[in-house]
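Working through the structure, step by step
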Amino acid sequence: MNILAVICCDFDTTAIGTRSRLRDPLAGKPILTHVLDRLQQVHGLTHILLAAPEPQLPLAQQFTSSPCHLVTVSTTPLIARPEAISARIRAARPWNLLSWRGGAGQFTVFDEEYHPAAIAHAARTFNADHILAIHSHAAFLDVPLTEALLHHHLHKNHEMRITYTPAAPGLTGFMLRADIALEMGDKKVMPWQLLAYDPANPQFDTLIRDACMQVDPALSKIPNRFLLDTDRAWPEKGSGVISTSPSREKGSGVISISPAALALEAARSVAPGVTDFSRTHTAPRELEIELTPNRLTNPPGSVPQIIRQARGHLDPVHWTRWLASQHFPDDLLLTFAGDGDPLLYPHLLAVLRAARNAKPLSICLQTDLLADNLDPLLTAISENFLDILTITTYGHTPQTYNKVSNTSFHEKFSANLLQLAAATRANHGLPLVIPRLLKVRDTIPELEPFFDTWISQAGWAVIDSPTTRAGTLPPTAVIDMAPPKRRPCRRLWDRLLLRSNGTAVPCDQDPHDTLPLGNIDSHSLAQLWTSPALTTLRQQHADASYPTPCTTCTEWHRA
């Protein structure tokens with residue numbers, strides 16, 4: 001049995017757009033050495049192949065010889081996938097780095113470094129029977145879990161030619177029979193196309209088929225990324241996740257820890273169960289900016305105009321100056337949304353340009369797409385200021401749209417949608433467009449046609465539910481989705497909202513902004529995120545002593 005492990009690596013840039021850390025030292029060894037050391041312990045592998053861009057082959061070759069290597073490691077030039085696919089993955093995957101799938105375009109963690117022609121070429125060259133694709137930054141690769149994946153693939157998966165596990169990204173890899181790897185190479189097929197929902201060919205989710213090796217829920221549900229390709233993922237000194245003691249069988253200086261311990265370590269950095277607040281990161285994962293309180297629709301769950309208008313809005317100098325002074329972490333996600341529609345902000349283009357120059361990992365804009373003048377948006381698209389564009393819809397038919405949005409704007413919406421489609425086609429399919437439908441009683445009959453239509457046309461769709469904004473609005477959702485047992489709100493450790501007047505608040509569920517944290521005119525993002533007020537709020541949630549308005553909030557369970 002010839003089982004070939006393949007690592008597609010880049011020593012300059014990662015697939016999600018961050019700096020490659022393959023040569024960065026960790027516990028005295030480069031990251032890629034840790035990955036190879038872990039692979040060397042996986043029983044059953046016959047060869048390990050590093051596929052790297054041809055100019056980088058001398059760097060890759062430095063990792064092929066080691067006295068600890070029992071399995072031969074060699075290199076080959078990387079036959080890269082089309083740049084258009086890589087660009088779409090760079091746009092989509094940052095929004096769900098902590099899970100193996102989900103989010104824009106239905107891309108998975110297995111797509112990040114998958115190059116169909118390269119994998120197929122490797123299978124042919126080495127006459128492989130099976131391929132194990134491993135992420136290049138998987139320094140926490142779990143040996144027993146990977147061996148179990150191989151066993152499941154060879155002996156328990158009787159209906160599909162691919163095998164994976166829903167474990168958190170980085171704990172193991174993705175297996176393929178050589179024949180399907182060859183077919184994928186010939187047809188330029190990516191893993192997501194085998195695992196995604198296709199309305200034209202609906203099938204059972206692979207999660208309940210032989211292709212999926214089930215794991216302990218702690219490993220599949222933990223919101224963490226065990227890939228060292230961002231600043232946030234890098235282990236802290238003294239965190240206990242790095243060991244220089246010998247590993248299971250051979251070698252030293254490798255990472256030596258079980259998946260359960262990794263999951264527990266990660267769980268302490270997110271709610272619920274937080275007790276050590278010294279480990280709170282210096283910046284949120286997601287930052288939302290509300291540029292204007294204005295919007296043209298008035299759907300269920302929207303904040304009353306009189307409350308929104310009382311906030312006012314800042315001139316663009318405040319925003320551009322603040323953005324220029326920030327040092328964002330390399331995985332920060334920036335969204336322009338809030339209670340207003342950013343397309344109605346007269347200086348949108350200037351702020352988007354400043355946002356791109358601030359170098360967040362990805363930028364999203366959420367809109368009703370009802371502005372009379374789309375030129376700022378179309379310019380932003382052509383200049384690549386946006387990665388994701390989410391469009392709120394209020395029905396799949398004109399009648400329902402107008403009724404739920406409390407407008408008569410469906411015709412304008414449709415015309416603007418045509419302009420947007422032309423602009424994204426001219427820009428190689430970017431930004432990724434994600435339609436969102438508000439789920440209320442009037443839209444229930446249209447949920448399925450909406451979802452299937454947009455999955456086919458845009459690659460993804462989202463169904464939202466209106467909220468009561470912590471009890472300040474009447475309930476209009478079809479059903480309350482909050483679990484019966486209250487837990488701390490995880491958003492307090494992940495997200496921050498800047499209102500249109502520059503005030504930072506913990507979340508969007510408090511329309512009256514009763515828990516202000518500071519203002520952009522006097523605080524940096526790091527100062528707002530680590531402010532005493534937010535630290536106190538986190539402690540109150542950890543102690544189950546919820547303040548107003550959290551006591552009446554039903555959105556605490558949302559990620």
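Described in the following lines is the structure provided in the data block. (Residues numbered from 1 in each chain as written. Predicted model: local features only at pLDDT ≥ 70, side-chain atom pairs only at ≥ 80, totals over all residues. Heavy atoms only, no water.)

As for helix α4 (residues 116-125)
Turning to α4, its buried residues are Pro116, Ala118, Ile119, Ala120, Ala122 and Ala123. Asn127 sits one or two positions beyond α4 and adopts a positive phi of about 50°. (Buried < 20%, exposed > 50% of the residue type's maximum accessible area, 1.4 Å probe, protein only. Helix = DSSP H or I, 4+ residues; strand = E, 2+ residues; numbered from the N terminus.)

Structural notes on the sheet that holds strand β8 (residues 174-177)
With respect to topology, six strands assemble into an open sheet ordered β5-β4-β1-β6-β8-β7, the strand pairing being mixed. The sheet is open, and its two edges are formed by β5 (73-77) and β7 (162-163), each paired on a single side. Of the strand pairs in this sheet, strand β1 (residues 3-8) and strand β4 (residues 47-52) are connected by five bridges, and their pairing is parallel. Residue pairing for β4: Ala5 is matched across the bridge by Ile48. Strands in contact with helix α6 (residues 178-187) are β6 (130-133), β7 and β8; relative to β8, the strand with the most contacts, it is inclined by about 90°. (Pairing = 2+ DSSP bridges. Contact = heavy atoms within 4.5 Å. Axes fitted to C-alpha atoms, helices over the stretch in contact; angles between N-to-C directions.)

Details of the packing of aromatic side chains
Taken as a whole and judged by the stated rule, the model has twelve aromatic pairs. Ring centres 6.0 Å apart and planes at 25° place the aromatic pair Phe11 and Phe63 in the stacked group. With Phe11 in the loop between β1 and β2 (25-26) and Phe63 in the loop between α2 (57-61) and β5, the pair connects residues that are 52 residues apart, well separated along the chain. Classification of Phe11 as buried rests on a relative accessible area of 4%. Given a relative accessible area of 9%, Phe63 falls into the buried group. Ring geometry for Tyr401 and Phe413: centres 5.2 Å apart, planes at 25°, overall stacked. Here Phe413 lies in helix α15 (residues 410-426) and Tyr401 lies in helix α14 (residues 398-405), a separation of twelve residues in the sequence. For Tyr401, a relative accessible area of 0% puts it in the buried group. You can call Phe413 buried: its relative accessible area is 6%. Here a set of aromatic residues connected by ring pairs shows up, and it is made of Trp100, Phe110, Tyr114, Tyr164 and Phe174. The side chain of Lys412 reaches across the aromatic face of Phe409, ending 4.9 Å from its centre. (Phe/Tyr/Trp six-rings, centres within 6.5 Å; stacked < 30°, edge-to-face > 60°. Lys NZ or Arg CZ within 6 Å of the ring centre and 35° of its normal.)

Remarks on the pairing of strand β10 (residues 333-336)
Here β10 shows no split at all, with Leu333 and Thr335 on one side and Leu334 and Phe336 on the other all buried. Bridge count between strand β9 (residues 286-289) and β10: four bridges; the pairing is parallel. In the sheet register, Leu287 faces β10, and the bridge partner there is Leu334. Strand direction decides the pairing type here: β10 and strand β11 (residues 362-367), joined by four bridges, are parallel. Counterpart to Leu334 in the pairing with β11 is Ile363. Taken together, β10, helix α12 (residues 348-357) and β11 form a β-α-β motif whose crossover is right-handed. (Right-handed = clockwise from strand over helix to strand, strands pointing away.)

Focus on the state of the cysteines
One pass over the full model with this rule turns up zero disulfides. There is no disulfide at Cys364, and the cysteine sulfur nearest it, in Cys507, is 18 Å away. Accessibility expressed as a relative area gives 6% for Cys364, which makes it buried. Counting only cysteine sulfurs, Cys553 is the nearest neighbor of Cys507, a cysteine outside any disulfide, at a range of 6.0 Å. We classify Cys507 as partly exposed; its relative accessible area is 22%. (Disulfide = S-S within 2.5 Å.)

Here we look at the sheet that holds strand β12 (residues 388-393)
Strand pairing in a sheet takes place through backbone hydrogen bonds and is either antiparallel or parallel in direction. On the basis of which strands lie adjacent, the open sheet formed by nine strands has the order β14-β13-β12-β11-β10-β9-β15-β16-β17 and mixed pairing. Every other strand in the sheet has two partners, leaving β14 (462-464) and β17 (518-519) as the edge strands with one partner each. As defined by bridge partners, β9 adjoins strand β15 (residues 495-498) across four bridges and the pair is classed as parallel. Opposite Glu288, over in β15, you have Leu497 as the bridge partner. Sheet contacts for helix α3 (residues 83-92): β11, β12 and β13 (432-438); angle to β13, the most-contacted strand, approximately 40°. In the packing of α15 onto the sheet, contacts are made with β12 and β13, and the angle to β12 comes to roughly 165°.

Section: the nonpolar core
By size, the foremost hydrophobic cluster in this structure holds 88 residues, and its most contacted members are Leu39, Leu50, Ile131 and Leu132. Sequence-distant contacts of Leu50, defined by excluding residues within four places in its chain, comprise Ile7, Cys9, Leu32, Leu36, Ala60, Phe63, Val73, Ser74, Thr75 and Thr76. Within the second largest apolar cluster, 58 residues are counted, among which are Ala355, Ile363, Leu498 and Leu537. (Core = buried A, V, L, I, M, F, W, Y, C linked by side-chain atoms within 4.5 Å.)

Overview of the packing of α4 against α6
Interhelical geometry of α4 versus α6 gives an angle of 135° and a closest axis separation of 8 Å. What the angle tells us is that α4 and α6 run oblique. Like other packed secondary-structure pairs, α4 and α6 cross with a definite hand, here left-handed. From α4, Pro116, Ala117, Ile119, Ala120, Ala123 and Arg124 reach across to α6, where they touch Ala178, Ala181, Leu182, Met184, Gly185 and Asp186. A per-class count over the contact of α4 with α6 returns nine nonpolar, one polar and two charged. (Parallel < 35°, antiparallel > 145°, perpendicular 65-115°, else oblique. Left-handed = near helix turned anticlockwise from the far one by under 90°. Nonpolar A, V, L, I, M, F, W, Y, C, P; charged D, E, K, R; others polar.)

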